[in-house]
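A closer look at the structure
One letter stands for each residue in the lines below.
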Amino acid sequence: MRIFGFSIFASIIVGGSFIAAFNIIDIKGMVMSGIKAFSFNMMIVFAVLFYIVMKVAGGMMSVSVSKRQNYCRAKIFVNEKWAEFTVLMDTGNFLVDDGNGRKIIIAEFSSMKDILSAETQLLYLKRIPSECIKDFVTDKGEAERMFVIPFSSLGSEGGSLTAYKLDFAELYNENKTVIKNAAVAVYNGSLSQNGGFGGIINPCILDN
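Residues numbered from 1 in each chain as written. Predicted model: local features only at pLDDT ≥ 70, side-chain atom pairs only at ≥ 80, totals over all residues. Heavy atoms only, no water.

In this section: the packing of aromatic side chains. On inspection of all chains with the given rule, the structure shows three aromatic pairs. With a centroid separation of 5.9 Å and 45 degrees between ring planes, the pair formed by Tyr71 and Phe197 is classed as tilted. Here Tyr71, found in strand β1 (residues 69-78), pairs with Phe197, found in the loop between β8 (182-187) and β9 (199-201); they are 126 residues apart in sequence, far enough to count as distant. Look at Tyr71 and you get partly exposed, because its relative accessible area is 43%. For Phe197, a relative accessible area of 13% corresponds to the buried category. Over the face of the ring belonging to Trp82 we find Lys75, whose NZ or CZ atom lies 4.4 Å from the ring centre. (Phe/Tyr/Trp six-rings, centres within 6.5 Å; stacked < 30°, edge-to-face > 60°. Helix = DSSP H or I, 4+ residues; strand = E, 2+ residues; numbered from the N terminus. Buried < 20%, exposed > 50% of the residue type's maximum accessible area, 1.4 Å probe, protein only. Lys NZ or Arg CZ within 6 Å of the ring centre and 35° of its normal.)

Here's what the structure looks like:
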């Protein structure tokens, strides 16, 4: 919604700038005089004006997005095994807890796989549906940590993810935050188009 608003704002700026330029330079008179009235210098002026306006509008949009989307490092622990990855702190992510107060970190399988047994990793590599993975796990200790949590994302009506109860999680931003009651929900795909992060949290989970 914010990006849409800034797009409208940028359109107004660009449109207004060109209307002002048309009035100042008397474009109407030039058109009446013929195409020869347009000089090379005039074209440069318009190009520079367009660049400045778009640069300013784009910068404003970038600032707005960066305020909403910040990053931190996450380190998750299970039975003396751990995995570390970059997470996106996004207020648009509404998967905050499991309904029982356990804070949720969404992570790509490739980012958190080191805390899983080789058997369970193979199930993810075989693309077993999330709600069925627990049925194939023979490690009793690992199976007891697993539960299914509802999850929906942009472009899908809804689904579920398998989550794992953690011993604890550490999040590193400006400060170190330790979350003792945490779980990682595994997304068997890519969360970032360019590989810039491997997990997502709502920043409110930092408020213990």
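From this point, the discussion proceeds with the structure in view.
Overall, the coordinates contain four salt bridges when judged by the stated rule. Between Arg102 and Asp98 there is a salt bridge; the shortest N-O distance is 2.6 Å. Asp98 matches Arg102 in its accessibility class, with the two residues each being buried. With a closest N to O distance of 2.8 Å, Arg145 and Asp167 form a salt bridge. Note that Arg145 is positioned in helix α7 (residues 140-145) and Asp167 in the loop between β5 (159-165) and β6 (168-172), a separation of 22 residues in sequence. (Salt bridge = Lys/Arg side-chain N within 4 Å of Asp/Glu carboxyl O.)

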